[in-house]
Amino acid sequence: MGPKYTWCNNKNGGGRILERLDRCLINSMALIHLQTTVLKHLARIASDDCPISIKILANKVSKKKEFTFEDIWLTYKASQQGCPLSPFMFIMCSQLLTEEFGNIGKNIGIKINPNASIISHLMYADDILIFSKANKICLKKVNKILKNYCSWTGQKINYKKSAVLFSKLMKRRECKGLIKVLNINMVKEMEYLGVKIALRRLVKSDFYKIIVKTAAKINI
């Protein structure tokens, strides 16, 4: 940081020479441990060379804060739908589910790109969409995560509105065995936030409900 050149011969016109002569040297161990070091070239006053200032900032060790959910929070009005504080309460509770996936479900999910991060779940309000490999090990972990989340927040899974969608490559016998782990009905297509999810190519009629709702809101 500072002036580009650190030395000048103090002459004007065509005889003026500027060079970057001054350096600050530190060894490789210092570079590893002092990643927040800042080097500045200060303004020249009487000398031909710029003074060099090096500022070493010690790395701050960030401690992970523990989050605990109090049962008494459920008695507050913010726990009811329609309260302005309700979205904040939901974010606090949903963070527990995300952290639990990070703790015991790190390998659960899918990648949309080989170099991308794993996507394990999507959340919107009380709707949750979970991605997982179709094997008993992963599904048992998902089941455990959901049970822990329900015990912490007091929420319950609505099994009547829940469904599982398997890939076309899965055999029917294998699907039946995996359904018993989750105790959720198997379907060939489902809706999430009004958008149809299916194992086939979607057609125009699949978006009819969205078109009708959108047209009603803009008064077409």
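Everything below is about the structure printed above this text.
It should be emphasised that the depicted structure is a prediction, and the values quoted were computed from it without experimental measurement. Going along each chain's sequence as written, the residues are numbered from 1 onward. In keeping with the predicted nature of the model, local features appear solely for residues at pLDDT of at least 70, side-chain atom pairs appear and are counted solely at 80 or more, and the whole-chain, interface and lining totals rest on all residues. Hydrogens and water molecules were not included; the side-chain quantities draw on all heavy atoms of the structure.

**Section: the overall build of the protein chain**
In terms of helices and strands, the protein chain carries five helices and ten strands. Out of the 220 residues belonging to the protein chain, those deemed buried represent 21%. Contacts in the protein chain between residues far apart in sequence, at least 24 positions, make up 44% of those at least 6 positions apart. Approximately 17,500 Å² of the protein chain is accessible, and the part contributed by carbon and sulfur atoms is 57%. For helices the rule is a DSSP run of H or I covering at least 4 residues; for strands it is a run of E covering at least 2, with both sets numbered from the N terminus onward. Summary of the burial criterion: residues with accessible area below 20% of their type's maximum are buried, those above 50% are exposed, and those between are partly exposed, where the area comes from a 1.4 Å probe applied to protein chains only. The criterion used for residue contact is that any of the two residues' heavy atoms lie within 4.5 Å. Only the protein chains shown count as covering a residue, and every accessible area follows the Shrake-Rupley method with a 1.4 Å probe.

**Description of the packing of helix α2 (residues 86-104) against helix α3 (residues 136-153)**
All axes here are fitted lines through C-alpha atoms, helices being fitted over the stretch that makes contact, and every angle between N-to-C directions spans 0 to 180 degrees. Direction vectors running N to C along α2 and α3 enclose 145°, while the axes themselves pass 10 Å from each other. You can see that α2 and α3 cross each other, and the crossing is right-handed. Within the contact between the two elements, α2 uses C93, S94, L96, L97, E100, F101 and I104 and α3 uses K141, K144, I145, L146, N148, Y149, W152 and T153. Classes in brief: Ala, Val, Leu, Ile, Met, Phe, Trp, Tyr, Cys and Pro nonpolar; Asp, Glu, Lys and Arg charged; the others, Gly included, polar. Of the residues belonging to the contact of α2 with α3, the class tally is nine nonpolar, three polar and three charged. When the near helix sits turned anticlockwise from the far one by under a right angle, the crossing is termed left-handed; a clockwise turn instead gives a right-handed crossing.

**Quick look at the packing of α3 against helix α4 (residues 172-182)**
Between α3 and α4, the shortest axis-to-axis distance is 9 Å and the interhelical angle comes to 20°. The orientation of α3 with respect to α4, classified from their angle, is roughly parallel. For α3 against α4, the interelement crossing comes out right-handed. Counted together, K136, L139, K140 and N143 of α3 and G177, L178, V181 and L182 of α4 form the full contact between these two elements. Among the residues making up the contact of α3 with α4, the classes are represented as four nonpolar, two polar and two charged. Roughly parallel means an angle under 35 degrees; roughly antiparallel, over 145; roughly perpendicular, 65 to 115; everything else is oblique.

Shape descriptors only; they carry no functional weight alone.
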